[in-house]
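Secondary and tertiary structure notes
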Amino acid sequence: MDLPKISNTTWDYIFVGGGLSASVVSHRLHEFNHQLKILIVEAGPDANNRTDIVWPNATNLIGGEFDWKYDSVKQSQLDGRIVNLPNGRALGGGTVINTSGWVRGDRYDYDLWGTTVGDRRWSYDGLLPFMKKSETFWSNNINPDQHGFDGPAVVQSVTSTKREFPLREYALRSWAELGVDALPGLDANAGNPLGLGELQENKNRGRREIASVIYPLENITVLADTVVEKVLIKSEAGRLSATGIKLADGTEIRGRETILSAGAIGSPQILMLSGVGPADELRKAGIRVLLDQPEVGRNLCDHGLFMHAWKLKDPPAGWALGSGNPLFNQEQYGWGGPVDFLATTDIPKEGLVAAIAEDEGRAPDPKTHKLLAKRAFAEHVFMYAGAPDGSLVTLGLVTMLPTSRGSVKLASANISDAPLIDPNFLGTAVDRYAAREALKLQVKFAGSDLTAISRDIIDGEVGAPGFDQVLSMDSTDDYIDARLRAGIGSSYHPMGTLAMGKVVDTDLKAKGVDNLRVVDTSVFPIALTAHLQVPTYAMAEQAAEIIYTSRPKAAQ
């Protein structure tokens, strides 16, 4: 359909952004009612059949042509560093460029979401049917009450693809030596990830699962390579109501309901450009204030990522990719990441109490403070790769439960200008303590006499530019903190900038603006210890039902 015809149609639903959420919700709405007129407007292209993104050896992912290539503002707790913030810019959104990790996270977080907003639909049990609906899990025998077996997203594991790695047993034994035990069925996606679980990915024999492919959009009108400037909002009888969208070229398109699904960066930017946001910031940018909504763009949260490489004592033994081990020439070893397990851990509580007190100004009650429960503070990824010649392995630390909150603010009133993004990495004493303690655990794993893998396989850390020491059991807290400040970056998991309970209600309706909803990671009101595509698929599945059942009966 050409643009003039699109602009002359009144749509039932207009989606601003064609990523994961829009793909799921639009597909389901059409499934519910084939007569609905649904439009998706996506700033990027349709990349669904690009061979340079769909396979694990893809060359056009983060930093490529389907990435917004955002940068943060200078990070005050990272010695003023600017951090890269990749963000999907194509039909399918982040599922076009992400690493495909399938990590559901902790039941505790979802239950906290539900209690925070006072609606059990957003608790773990409330979302579980939609988690199951979205997936085809790789085994019918492992936690069958927790998984789905006929959903669009195919979930593979190391075992299901028959690609166990040579260091698998060493890794399993070594984590156990540190008290990180294997979970039942090695399944960390059953509500309790604390322990050791096998890597799971939403890939189908290695092929990337792009949201707009597995939730087909053949019967949805898609306007790709098109930037939305703002939501059109009218004021009538003292009420604000969304009437459609305005494109960057000035074209106006009308719709009965508009759904922001441009992500935790794009959605608040567009909403502020539409006149809804903190009044002082809108006026500063020369934007007419339609609704003073101070929480728009606030509450930004992102998981941090810190990588460090370690030397192997005997690289020719064939432990890592690049070593010449013929095992790695087998096709299935190219179907996923060079990882057997993800380890998820809590952190020592004694030091955490002190960090909480520093942040909050008083000692926490150990019986009621939510951070003092058993929580999934850190994810540890041991990768059998790090150098082209197979001489290194890599450890990745993901800080899964940040308490720091940042913001997305307007740089100008021009949609072409990237917003000012401040994730505020390591902005709290709790986050600095959690990252430090989690990194100490990784040093125990790889650089002590406490584990078999350190004793027999690994020969010390490589180090980092600008440092004359390496990570070891002798590293001081000051040195570890300096390494973290110099090296931590983004896990590409932004969330929270249009938080449920503050900016949207539990039906995902924008507070104060009729006929406008938000469905993307910006609505998550708390930090989820998940790789965000998993809760986003579930949220979008539930959102589709909420949106459709809210239609007048005669229109269903």
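Everything that follows concerns the structure shown earlier in this document.
Residues numbered from 1 in each chain as written. Predicted model: local features only at pLDDT ≥ 70, side-chain atom pairs only at ≥ 80, totals over all residues. Heavy atoms only, no water.

What about the overall build of the chain?
- What the chain contains, in helices and strands, is 14 helices and 28 strands.
- Across its three principal directions, the C-alpha atoms of the chain cover 75 × 55 × 40 Å.
- Here the chain holds 556 residues, and 60% of them are scored as buried.
- For the chain, restricting intrachain contacts to residue pairs at least 6 apart in sequence, the fraction spanning at least 24 positions comes to 70%.
- Of the roughly 21,400 Å² of accessible surface on the chain, 48% is carried by carbon and sulfur atoms.
- Taking the average location of the 55 positive side-chain charges in the chain and that of its 68 negative ones, the two points are 5 Å from each other. (Helix = DSSP H or I, 4+ residues; strand = E, 2+ residues; numbered from the N terminus. Buried < 20%, exposed > 50% of the residue type's maximum accessible area, 1.4 Å probe, protein only. Contact = heavy atoms within 4.5 Å. Areas by Shrake-Rupley, 256 points an atom, 1.4 Å probe, with all protein chains shown as cover. Lys, Arg positive; Asp, Glu negative; His and termini not counted. Charge placed at Lys NZ, Arg CZ, Asp CG, Glu CD.)

What about the pattern of salt bridges?
- A complete count under the given rule lists 30 salt bridges for this structure.
- Here R28 and E31 are joined by a salt bridge, their closest N and O atoms 3.0 Å apart. Residue R28 and its partner E31 are located together in helix 2 (residues 20–32), separated by 3 residues, close to a single helical turn.
- Between E281 and R298 there is a salt bridge, with its nearest N and O atoms 2.7 Å apart. Placement of the pair is E281 in helix 9 (residues 279–284) and R298 in strand 18 (residues 298–300), with a sequence separation of 17 residues.
- Residue E281 is classed as buried on the basis of its relative accessible area, which comes to 9%.
- Of the residues examined, R298 reaches a relative accessible area of 25% and is grouped as partly exposed.
- One continuous salt-bridge network, built from bridges that share partners, spans R28, E31, K133, E541 and E545. (Salt bridge = Lys/Arg side-chain N within 4 Å of Asp/Glu carboxyl O.)

Describing the packing of aromatic side chains
- All told, the structure shown has 17 aromatic pairs when counted by the stated rule.
- Consider the rings of F165 and Y333, whose centres lie 5.2 Å apart with planes at 85°: the pair is edge-to-face. Here F165 is found in the loop between strand 7 (156–157) and helix 6 (168–177), whereas its partner Y333 is found in the loop between strand 19 (304–312) and strand 20 (339–345), with 168 residues between them in sequence.
- A relative accessible area of 4% means that F165 is categorised as buried. (Phe/Tyr/Trp six-rings, centres within 6.5 Å; stacked < 30°, edge-to-face > 60°.)

Some thoughts on unusual backbone geometry
- Its identity as a non-glycine residue notwithstanding, K162 has a phi of 55°, on the positive side.
- Taking relative accessible area as the criterion, K162 reaches 60% and is therefore assigned exposed.
- We note that D225 has phi near 50°; this positive angle belongs to a residue other than glycine.
- Assessed through its relative accessible area of 55%, D225 is described here as exposed.

Here's the deal with the packing of helix 2 against helix 14 (residues 533–549)
- Look at helix 2 against helix 14: their axes get within 8 Å of each other, and the N-to-C directions meet at 35°. By crossing handedness, the relation of helix 2 to helix 14 is classed as right-handed. Each of L20, S21, V24, V25, R28, L29 and F32 in helix 2 lies in contact with helix 14, whose residues at this interface are Q533, T536, Y537, M539, A540, E541, A543, A544, E545, I547 and Y548.
- For the contact of helix 2 with helix 14, the residue count by class is 12 nonpolar, 3 polar and 3 charged. (Axes fitted to C-alpha atoms, helices over the stretch in contact; angles between N-to-C directions. Left-handed = near helix turned anticlockwise from the far one by under 90°. Nonpolar A, V, L, I, M, F, W, Y, C, P; charged D, E, K, R; others polar.)

What about the sheet that holds strand 24 (residues 420–422)?
- Overall, antiparallel pairing links the 3 strands, which are arranged 18-23-24 in an open sheet. A strand with exactly one partner marks an edge of an open sheet, and here the two such strands are strand 18 and strand 24. Direction aside, the axes of adjacent strands within the sheet are offset by 35° on average.
- As paired elements, strand 18 and strand 23 (residues 406–409) share 2 bridges and run antiparallel to each other. Its bridge partner being in strand 23, L300 is matched across the sheet by G406. (Pairing = 2+ DSSP bridges.)

Examining the pairing of strand 15 (residues 252–260)
- Bridge count between strand 1 (residues 10–16) and strand 15: 6 bridges; the pairing is parallel. Paired with W11 across the bridge in strand 15 is G255.
- Two elements, strand 14 (residues 239–247) and strand 15, share 3 bridges in a ladder whose sense is antiparallel. Counterpart to G244 in the pairing with strand 15 is R254.
- Linking strand 14 to strand 15, which pair antiparallel, is a turn of 4 residues; within it G250 sits at a positive phi near 95°.
- Sheet topology note: the strand 15/strand 28 (residues 516–518) ladder contains 3 bridges and is parallel. What sits directly across from L260, in strand 28, is V518.

Notes on the environment of S212
- Structurally, the position occupied by S212 is in helix 7 (residues 211–214).
- Taking the relative accessible area as the measure of exposure, S212 reaches 5% and is therefore buried.
- Along the backbone, S212 and V24 are 188 residues apart, and their C-alpha atoms lie at a distance of 7.7 Å.
- The residues touching S212, leaving out its near neighbours within four places in the chain, are S23, N48, L91, G92 and L217.
- Of the polar contacts made by the side chain of S212, one reaches the side chain of N48; its length is 3.0 Å. (Polar contact = N/O pair within 3.5 Å; in protein donor to acceptor, adjacent residues only side chain to side chain.)

What about helix 6?
- Along helix 6, the residues classified as buried are R168, A171, S174 and W175. Around the axis of helix 6, the buried residues are gathered within 135° of arc, so they sit on the same side.
- Packed against the buried residues of helix 6 are strand 8 (195–198), strand 20, strand 21 (378–383), helix 11 (429–447) and helix 12 (452–456).
- Looking one or two residues beyond helix 6, the residue adopting positive phi is G179, at roughly 85°. (Arc of directions from axis to C-beta.)

Comments concerning the packing of helix 11 against helix 13 (residues 477–487)
- Direction vectors running N to C along helix 11 and helix 13 enclose 105°, while the axes themselves pass 10 Å from each other. In terms of axis orientation, helix 11 runs roughly perpendicular to helix 13. Taken together, the residues of helix 13 that come into contact with helix 11 (itself represented by A435, R436, L439 and K440) are D477, I480, D481 and L484.
- Across the contact of helix 11 with helix 13, the residue classes tally to 4 nonpolar, no polar and 4 charged. (Parallel < 35°, antiparallel > 145°, perpendicular 65-115°, else oblique.)

Quick word on helix 8 (residues 263–273)
- Counting buried positions over the 11 residues of helix 8 gives 11, a clear majority of the element.
- Taken together, the buried positions of helix 8 are occupied by G263, A264, I265, G266, S267, P268, Q269, I270, L271, M272 and L273.

Bear in mind that shape data such as this cannot, by itself, settle questions of function.
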